[in-house]
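Structural overview
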Protein chains: 10
Amino acid sequence: MLFMVEMIVQIPQSLDADLVAKIKLEEKEYSQKLQREGKWRHLWRVVGEYANVSIFDAASNDELHTMLSSLPLFPYMQIKVTPLANHPSSIVQE
Amino acid sequence: MLFMVEMIVQIPQSLDADLVAKIKLEEKEYSQKLQREGKWRHLWRVVGEYANVSIFDAASNDELHTMLSSLPLFPYMQIKVTPLANHPSSIVQE
Amino acid sequence: MLFMVEMIVQIPQSLDADLVAKIKLEEKEYSQKLQREGKWRHLWRVVGEYANVSIFDAASNDELHTMLSSLPLFPYMQIKVTPLANHPSSIVQE
Amino acid sequence: MLFMVEMIVQIPQSLDADLVAKIKLEEKEYSQKLQREGKWRHLWRVVGEYANVSIFDAASNDELHTMLSSLPLFPYMQIKVTPLANHPSSIVQE
Amino acid sequence: MLFMVEMIVQIPQSLDADLVAKIKLEEKEYSQKLQREGKWRHLWRVVGEYANVSIFDAASNDELHTMLSSLPLFPYMQIKVTPLANHPSSIVQE
Amino acid sequence: MLFMVEMIVQIPQSLDADLVAKIKLEEKEYSQKLQREGKWRHLWRVVGEYANVSIFDAASNDELHTMLSSLPLFPYMQIKVTPLANHPSSIVQE
Amino acid sequence: MLFMVEMIVQIPQSLDADLVAKIKLEEKEYSQKLQREGKWRHLWRVVGEYANVSIFDAASNDELHTMLSSLPLFPYMQIKVTPLANHPSSIVQE
Amino acid sequence: MLFMVEMIVQIPQSLDADLVAKIKLEEKEYSQKLQREGKWRHLWRVVGEYANVSIFDAASNDELHTMLSSLPLFPYMQIKVTPLANHPSSIVQE
Amino acid sequence: MLFMVEMIVQIPQSLDADLVAKIKLEEKEYSQKLQREGKWRHLWRVVGEYANVSIFDAASNDELHTMLSSLPLFPYMQIKVTPLANHPSSIVQE
Amino acid sequence: MLFMVEMIVQIPQSLDADLVAKIKLEEKEYSQKLQREGKWRHLWRVVGEYANVSIFDAASNDELHTMLSSLPLFPYMQIKVTPLANHPSSIVQE
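Residues numbered from 1 in each chain as written. Chains lettered and ligands numbered in written order. Predicted model: local features only at pLDDT ≥ 70, side-chain atom pairs only at ≥ 80, totals over all residues. Heavy atoms only, no water.

We apply this condition: UniProt positions are given in the numbering used here, feature names are shortened, and annotations may be inferred rather than shown by experiment.
Chain A goes by Muconolactone Delta-isomerase in an unreviewed UniProt entry, where it is assigned to Comamonas avium. Under Catalytic activity (unreviewed entry), UniProt gives the following word-for-word description of chain A: "(S)-muconolactone = (4,5-dihydro-5-oxofuran-2-yl)-acetate".

What follows is the structure, encoded as structure tokens:
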């Protein structure tokens, strides 16, 4: 079951630089783990913004929320979720 | 080069039903032709709306505009284009 | 799996009054069928508006879209879907 | 008398971590007390956000405001209240 | 129990002038009946707009919706309802 | 001459607690003085928000601005003013 | 007492061309009468739009609403009124 | 003196097809005349929309409004004008 | 050449009180100098807000930007500029 | 391939003044380097704002994102990118 997830990152100026570096590293590792598991199906950068457009594959709303709220950057992101369905004109079922 | 394209369809009540059916059929054929050519990479329905989220692969902005403005439903759609770049945490280059 | 669904009804002035009455009757019957099946869990009127707030229980995004796009009033409604998850402070699992 | 209440939590970075933990614990206890009393009828997490959608049952606007403004997280939340009425197509009176 | 009700009137050009005159007359009579009953406590014109700001006194959300949806102009109005509570600095209880 | 005034209070976290208590006390006293003088005709709490809806009676725009900008909480409020006129369907002149 | 009044004109396509010409002529005459009386103090075109920014001088909110709602184009305009006060840095009282 | 001008075209369905073709032809001719005169400095299509972004060079606000309101498509466009100034980091004066 | 300029002042809490007083004094002096030169034609307070509506007369966009960016409060203001043209119904050329 | 890029600069009060001066200098140098290379085709100041409108020429979305995210002021800017295509009425191909 697919969802479009749009994430905008807003890290406060006051956060310690080392802490920020550590969080970003953990974010990358966690993100790549989910990608390898096939849960985080696509991850694109929005040109000119500290933001991404992603496609998640989750078995349920609960699983999706658990994945998103476990992101190390979760406290510093604005996230918008759009549930997706199969399109009748699509040549593939995804 | 990838772009997220969000399309909302708004067909006026006053349009002739046969004409609408014909346009929708042509839209489907044209859409599937672009999908088979690898230009229209993903096509998903937004749940609860007469709208879709799509990923296009175009060689240039001009090519993308030509594809979109050639859609039979183009005069009846509100379209928003977001240019996408490779994300440093993505495990694939797409 | 629960979803909040907000529907705003906008029936064009130009629609035939008998047709409108027929569509509303079919909408009511279809809505009550889904309620009896436990799919449409709650249905409330927004005070002062021709609109409702609903809670749907669907096995998947595809099932939810099929239910919503089958509503007789679907062509005349603006619909917004919000996926819901279990809340850690809730005393029930619903 | 039912109300939809949408709450978005925004705790400032500068707040002491122990204080935050204490407030969240009190919030949970107070929330569960209201749920057990039947005042806070439903409580759902919005997927991907530090936010909830709730249904409250209050005898009056004054009682609802007293409940909401007594929430330990009240100073750190953005709250939107929508009064609900019985829907003519609903198969239950709630 | 008080509610602020903001109404914006948008009568379609295509409506028959005699019908419009009749609806407006009925609206005025119904409005004045509710005012005399103490249900519609205040009614003010927004300067420069075909709109009003009103204060309603209703025993319940259901009663308020019944009053508003019975307005002859209801199909041609955009209505926003804000529930009001007693203010701790107010020198009267109203 | 009546005006609807909507006030949203946003006191910064960083403000000293004693100072905040003092300002709120002065706000209440000043507000009640204006109410007793008949200048601040109505004062209601918006349910679920640190906000109010008020009706002011002022002899001129200048007098209204003087009253509002003299509020002790003025530097911490977002204020929106809507001029009101007599409504032709109102049964009273107010 | 001064007010900024912003008017956006939206004449429906379906209106008879002769009627539109007549209304515009009456609008101009009425506007110039109010200007000569000193009530409509300034009238500027917003560049690139069928819209204007105006400054009105009215003895009361009621007088202002009477002037605006008497404009021949009133049914075809979206109007926003902003009450103005004397500015402490202004070198004139106007 | 440069201005960014953003134009969105919205031609009503009800307009006669021959008339639309004629207006578009005149629009093109007028647009190219202004380009050749150096008044309409740049004209770009917004990808996926029936809209353009343009840069105009005008001697005054009045001249700019005259040019824009003389566009054959003016009654069917939504136009937004942004005045531009020389940027201190620009390597050219334009 | 006239421009409507709308300024909203937002001075951060953290700024030193003496510095704020000094900036406001300089702002007043600079504003009155521009008014006496006929560049800042009108200056009105928006009722209930720390904001103003102004009319500037500038020979060019560059001159206007120089005047506005030289305002001592410029770093603490949100400014919106609307170019104005002569209105065909105005009885004066201004 | 052209893109309109709109940048709004928001430097936090808390940033060290020397650091800000250094960043601005580097921003200017980097900007002028890109202009000389023909990548940053136009750069205009928005009148009255700490913002600019720019036209970039990039070989790909990735190249554009690399240029924008390398701007020394990037962490302190809000950026919006609009892809542009050739306009059929333009007398030049740019």
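1. Brief notes about the layout of surface pockets
Note the following rule: Think of a 1 Å grid over the protein atoms and nothing else: a 1.4 Å probe that fits but is trapped marks a cavity, an open set flanked by protein within 12 Å on at least five of seven lines marks a pocket, and residues with an atom within 4 Å of a point count as lining. Grid points are joined across faces, edges and corners, and a volume is the space filled by probe spheres set on the points. Per the convention used, a helix needs a DSSP run of H or I reaching at least four residues, while a strand needs a run of E reaching at least two, with both numbered from the N terminus. Throughout, the ten residues Ala, Val, Leu, Ile, Met, Phe, Trp, Tyr, Cys and Pro are labelled nonpolar, Asp, Glu, Lys and Arg are labelled charged, and all others, Gly among them, are labelled polar.
Within this model, the second largest pocket holds a volume of roughly 1200 Å³. Along its surface, the second largest pocket is lined by 35 residues, and C:Val9, C:Gln10, C:Ile11, C:Tyr50 and E:Phe74 are the ones closest to its centre. Elements supplying a minimum of two residues to the lining of the second largest pocket: strand 1 (2–9), helix 1 (17–36), strand 2 (40–46) and strand 3 (51–57) of chain C together with helix 2 (61–69) and strand 4 (77–86) of chain E. Here the lining of the second largest pocket is built from residues that sort into 18 nonpolar, 11 polar and six charged.

2. Some details on the interface of chain H and chain J
Heads up, the condition is: Throughout, a contact is declared for two residues whenever any of their heavy atoms are within 4.5 Å. Using a 1.4 Å probe, buried area is obtained as the accessible area two parts lose upon being combined, added over both of them. Every case where a carboxyl oxygen of Asp or Glu lies within 4 Å of a side-chain nitrogen of Lys or Arg is listed as a salt bridge. Counted as a polar contact is a pair of N or O atoms within 3.5 Å, where, for protein atoms, one must be capable of donating a hydrogen and the other of accepting one, and residues adjacent in sequence contribute only when both atoms are in side chains. When DSSP locates at least two bridges between a pair of strands, those strands are taken to pair.
Counting residues at the interface gives 28 residues for chain H, matched by 28 residues for chain J. The largest per-residue losses of area from chain H upon contact with chain J belong to H:Trp44, H:Arg45 and H:His87, which jointly make up 24% of the total buried on that side. Taken together, the links from chain H to chain J amount to zero salt bridges. Where chain H touches chain J, the interface holds 16 residue pairs in polar contact (both at pLDDT 80 or more). Taken together, the elements giving at least two residues each to the side of chain H that touches chain J come down to strand 1 (2–9), helix 1 (17–36), strand 2 (40–46), strand 3 (51–57) and strand 4 (77–86) of chain H. The class makeup of the residues in the side of chain H that touches chain J is 13 nonpolar, 10 polar and five charged. For strand 4 of chain H and strand 2 (residues 40–46) of chain J, the ladder comprises three bridges, and the chain directions are antiparallel. Bridge pairing links H:Leu84 to J:Val46 in strand 2 of chain J.

3. Topic: the pattern of salt bridges
All names here are of chain I. Put simply, the test is: Remark: exposure states derive from per-residue accessible area (1.4 Å probe, protein chains only) relative to the maximum for the residue type, with buried under 20%, exposed over 50%, and partly exposed in between.
Taken as a whole, this structure holds 50 salt bridges over all chains when the rule is applied. For glutamate 63, the salt bridge goes to lysine 39, with nearest N and O atoms at 2.9 Å. Of this pair, glutamate 63 sits in helix 2 (residues 61–69) while lysine 39 sits in the loop between helix 1 (17–36) and strand 2 (40–46); the two residues are 24 residues apart in sequence, bridging distant segments of the chain. Judged by relative accessible area, which is 23%, glutamate 63 ranks as partly exposed. Its relative accessible area of 23% is what places lysine 39 among the partly exposed residues.

4. Considering the side chain of I:Ser89
As for its placement among the helices and strands, I:Ser89 is situated in the segment after strand 4 (77–86). What makes I:Ser89 buried here is its relative accessible area of 11%.

5. Some thoughts on the pairing of strand 3 of chain H
All names here are of chain H. A large share of strand 3 lies buried, amounting to seven of its seven residues. Here strand 3 shows a buried face lined by Ala51, Val53, Ile55 and Asp57 and a second buried face lined by Asn52, Ser54 and Phe56. Here strand 1 runs beside strand 3; their pairing, made up of seven bridges, is antiparallel. Looking across to strand 3, one finds that glutamate 6 is bridged to valine 53. The loop that links strand 2 with its antiparallel partner strand 3 comprises four residues; one of these, glycine 48, has a positive phi angle of about 85°.

6. Some details on the relation of the copies chain H and chain J
Each of the two chain copies goes to the other by way of a rotation about an axis and a shift along it. Selection criterion: Our superposition of the copies is a least-squares fit, built on the C-alpha atoms of residues whose pLDDT is at least 70 in both.
Relative to chain J, chain H is turned by 180° and slid 0.0 Å along the rotation axis, the superposed coordinates differing by an RMSD of 0.0 Å. When the rotation and shift are considered jointly, the pair of chain copies conforms to a two-fold rotation axis. Both copies contact each other with a shared surface, as 100% of the interface residues of chain H are interface residues in chain J too.

7. Brief notes about the interface of chain A and chain B
Taken together, the contact pairs 28 residues of chain A with 28 residues of chain B. Carbon and sulfur atoms supply 62% of the area buried between chain A and chain B, which totals about 2600 Å² over both sides. Summed over the shared surface of chain A and chain B, the result is zero salt bridges. On the surface where chain A and chain B come into contact, there are 17 residue pairs in polar contact (both at pLDDT 80 or more). Elements supplying a minimum of two residues to the side of chain A that touches chain B: strand 1 (2–9), helix 1 (17–36), strand 2 (40–46), strand 3 (51–57) and strand 4 (77–86) of chain A. Considering only residue class, the side of chain A that touches chain B consists of 13 nonpolar, 10 polar and five charged.

8. Things to note about the packing of aromatic side chains
All names here are of chain A. Note the threshold: Within 6.5 Å between ring centres, the rings of Phe, Tyr and Trp (the latter by its six-membered ring) count as paired, and their orientation is classed by plane angle as stacked under 30 degrees, edge-to-face over 60, tilted in between.
Inspection of the entire model under this criterion finds 10 aromatic pairs over all chains. Centroid distance tryptophan 40 to phenylalanine 56: 4.6 Å. Interplanar angle 35°. Geometry classified as tilted. Taken together, the residues span a long stretch of sequence, with tryptophan 40 in strand 2 and phenylalanine 56 in strand 3 at a distance of 16 residues. In terms of burial, tryptophan 40 and phenylalanine 56 fall into one category: buried.

9. Thoughts on helix 2 (residues 61–69) of chain F
As a reminder, the rule being used: For this quantity, the arc is that covered by the directions from the helix axis to the C-beta atoms.
Restricting attention to buried positions, one finds in helix 2 of chain F the residues F:Asn61, F:Leu64, F:His65, F:Met67 and F:Leu68. Here the buried residues of helix 2 of chain F occupy an arc of 160° about the axis, which is enough to place them on one side.

10. What about the sheet that holds strand 1 (residues 2–9) of chain G?
Using the following cut-off: Every axis in this analysis is a line fitted to C-alpha atoms, fitted for helices over the stretch in contact. Angles between the N-to-C directions lie between 0 and 180 degrees.
Strands sit in the order 1(G)-3(G)-2(G)-4(I)-1(I)-3(I)-2(I)-4(G) around a closed barrel of eight strands; the barrel is antiparallel. Ignoring strand direction, the axes of neighbouring strands in this sheet form an average angle of 35°. As paired strands, strand 2 (residues 40–46) of chain G and strand 3 (residues 51–57) of chain G are joined by five bridges and run antiparallel to one another. In the strand pairing of strand 3 of chain G, G:Trp44 is matched with G:Val53. On top of the sheet, helix 1 (residues 17–36) of chain G reaches strand 2, strand 3 and strand 4 (77–86) of chain G; it is set at about 135° to strand 2 of chain G, its chief contact. Its contacts with the sheet put helix 1 of chain I on strand 2, strand 3 (51–57) and strand 4 of chain I, and the angle it makes with strand 2 of chain I is roughly 135°.

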